[in-house]
Amino acid sequence: MRKRTLFRLAAGTAAVGATTLAYASLIERNMFTLRRYDVPVLPADAEPLRVLHLSDLHMMPNQARKQGWVASLAALDPDLVVVTGDNMAHPEAVPGVLRALQPLLDYPGAFVFGSNDYTGPILKNPFTYFLPDREYTEGVDLPYEELRQVFTGAGWVDLNNARTTLKAGGRQLDLVGVDDPHIDRDDYPAVSGAVSSTADLSIALTHSPEPRVLDQMAADGFGLLLAGHTHGGQVCVPGYGALVTNCGLPRSMARGLHRWPGSDSWLHVSAGLGTHPTAPIRFACPPEASILTLIPR
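Residues numbered from 1 in each chain as written. Predicted model: local features only at pLDDT ≥ 70, side-chain atom pairs only at ≥ 80, totals over all residues. Heavy atoms only, no water.

## Focus: the pairing of strand E9 (residues 224-227)
No. 1: Burial along E9 is two-sided: Leu-224 and Leu-226 and Leu-225 and Ala-227, pointing in opposite directions, are all buried.
No. 2: Direction of pairing for E9 relative to strand E13 (residues 266-269): parallel, over a ladder of four bridges. Within the sheet, the bridge partner assigned to Leu-226 lies in E13 and is His-268. (Buried < 20%, exposed > 50% of the residue type's maximum accessible area, 1.4 Å probe, protein only. Helix = DSSP H or I, 4+ residues; strand = E, 2+ residues; numbered from the N terminus. Pairing = 2+ DSSP bridges.)

## Overview of the sheet that holds E9
No. 1: Read from one edge of the open sheet, six strands run E6-E7-E8-E9-E13-E12, paired in mixed fashion. The open sheet has two edge strands, strand E6 (162-168) and strand E12 (256-259), and neither has a second partner. This sheet shows a mean twist of 25° between the axes of neighbouring strands, independent of strand direction.
No. 2: Of the pairings in the sheet, the one linking strand E7 (residues 171-177) to strand E8 (residues 201-205) comprises five bridges and is parallel in character. Its bridge partner lying in E8, Leu-173 is registered against Leu-201.
No. 3: Across the sheet, helix H6 (residues 211-219) touches E8, E9 and E13, and the angle it forms with E9 is around 155°. (Axes fitted to C-alpha atoms, helices over the stretch in contact; angles between N-to-C directions. Contact = heavy atoms within 4.5 Å.)

## Focus: the nonpolar core
No. 1: In this structure, Leu-54, Val-70, Leu-101, Leu-104, Phe-151, Trp-156 and Leu-273 are the most contacted members of the largest nonpolar core, which totals 32 residues.
No. 2: Among the elements of the structure, strand E2 (49-54), helix H2 (64-72), strand E3 (80-83), helix H3 (94-101), helix H5 (144-153) and strand E14 (288-296) are those that each provide at least two residues to this core.
No. 3: In terms of nonpolar packing, the next biggest core, distinct from the first, is built from 23 residues, Val-157, Leu-166, Ala-168 and Leu-175 among them. (Core = buried A, V, L, I, M, F, W, Y, C linked by side-chain atoms within 4.5 Å.)

## A short note on the side chain of His-268
No. 1: Mapped onto the elements, His-268 comes out in strand E13.
No. 2: For His-268, a relative accessible area of 0% puts it in the buried group.
No. 3: Excluding residues within four positions of it along the chain, His-268 makes contact with Tyr-37, His-53, Leu-225, Leu-226, Ala-227, Gly-256, Leu-257, Ser-290 and Leu-292.

## Digging into the environment of Gln-102
No. 1: Following the sequence through the fold, Gln-102 ends up in the loop between H3 and strand E4 (109-111).
No. 2: Expressed as a C-alpha distance, the spacing of Gln-102 and Val-70, which sit 32 residues apart in the sequence, is 9.5 Å.

## Here we look at the pattern of salt bridges
No. 1: A full pass over the atoms with the stated rule returns eight salt bridges.
No. 2: The partner of Asp-184 in a salt bridge is Arg-212, and the shortest N-O contact between them spans 3.9 Å. Taken together, the residues Asp-184 in the loop between E7 and E8 and Arg-212 in helix H6 connect sequence positions 28 residues apart.
No. 3: The class of Asp-184 is exposed, set by a relative accessible area of 62%.
No. 4: The class for Arg-212 is partly exposed, based on a relative accessible area of 40%.
No. 5: In this structure, Asp-264 and Arg-259 form a salt bridge, with 3.9 Å as the shortest nitrogen-oxygen distance. (Salt bridge = Lys/Arg side-chain N within 4 Å of Asp/Glu carboxyl O.)

## So, the packing of aromatic side chains
The geometry of an aromatic ring pair is captured by the separation of the ring centres together with the interplanar angle, meaning the angle of the planes.
No. 1: Here the structure, examined in full by the defined rule, presents six aromatic pairs.
No. 2: Plain terms: the ring middles of Phe-111 and Phe-151 are 4.9 Å apart, the flat faces sit at 65° to each other, and that makes the pair edge-to-face. Pair noted here: Phe-111 is in strand E4 and Phe-151 is in helix H5, with a separation of 40 residues, a long-range link.
No. 3: Among the residues examined, Phe-151 registers a relative accessible area of 1% and is labelled buried. (Phe/Tyr/Trp six-rings, centres within 6.5 Å; stacked < 30°, edge-to-face > 60°.)

## A short note on the environment of Leu-166
No. 1: Within the secondary structure, Leu-166 is located in strand E6.
No. 2: Distance from Leu-166 to Pro-108, taken between C-alpha atoms, is 8.2 Å for residues 58 residues apart in sequence.

## Some thoughts on the packing of H2 against H3
For any two helices packed against each other, one specifies the crossing angle of their axes together with the interaxial distance.
No. 1: Where H2 contacts H3, the axes come no closer than 6 Å and their chain directions differ by 35°. Touching Gln-67, Val-70 and Ala-71 of H2 are Gly-96, Arg-99, Ala-100 and Leu-101, all from H3.
No. 2: The residue makeup of the contact of H2 with H3, split by class, is four nonpolar, two polar and one charged. (Nonpolar A, V, L, I, M, F, W, Y, C, P; charged D, E, K, R; others polar.)

## Observations regarding H5
No. 1: Buried residues of H5: Leu-147, Arg-148 and Phe-151, and no others. Here the buried residues of H5 occupy an arc of 105° about the axis, which is enough to place them on one side. What points out from H5, more than 90 degrees from its buried face, is the exposed set Gln-149 and Gly-153.
No. 2: Looking at the buried residues of H5, the elements they touch are H3, E4, helix H4 (115-118) and strand E5 (157-158).
No. 3: Immediately downstream of H5, the backbone of Gly-155 shows phi near 100°, a positive value. (Arc of directions from axis to C-beta.)

## Description of H2
No. 1: The complete set of buried residues in H2 reads Lys-66, Gln-67, Trp-69, Val-70 and Ala-71.
No. 2: Buried residues in H2 make contact with strand E1 (33-42), E2, H3 and E14.

As structure tokens, then:
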């Protein structure tokens, strides 16, 4: 009797696990979602400004559904498009990224790269993400210079360890960004400095939301900090949230809009639109893009 009960429990557990895996890999990872946030960073009486934040496409050549959904976001008519890296997951991904972003290239835009813009993903044990000091391993080289030329050729601003001003929505923006801190390509001291007093708005970009970088950006007065990388945890526990962030950010800030501690800055972390190709699942964390409506403080 006991053996029969244990067998039934084991069979039931296996069935639940298989159903959950099927849902996470076949359904939720394709449930593209648009998040909307109001962010109070503008001066009093200023007109709202709309920022479309995209991240972590991890594009494969044949992902037509994702490409079509991202392309449809042009209907939002944003004032500014911001992309915070990890666009590719395959050496032949650039045409797919272009199909997704082509309608958005007509708008003012800015971008930084992530580690998976430089090198492709490789198979790894997912439990290593719980190890804070795990060694980073690289895959095949990806055509990041080709992607850079596509973006800059359309007029988007390359903010990989760079700083510039940009006009969007009739406002003057002070923009800064770093290359990916996750692989130590960041050099914020090279572009640091107080926000321009003549700017209507200031925005800072990084792929991985490492606190050491965000602290410096906030200290310089950047009002809105934008990042990706975390995938929102990718596999979350309902009622508990992300298990890991794959960076120094607390789990409670793995996605969404938060006030950055000790500052007047706001941080938005995108849960992203893709997954690692060797772990194509999402659970309690659907893929997302965000439209941030910037409003007066």
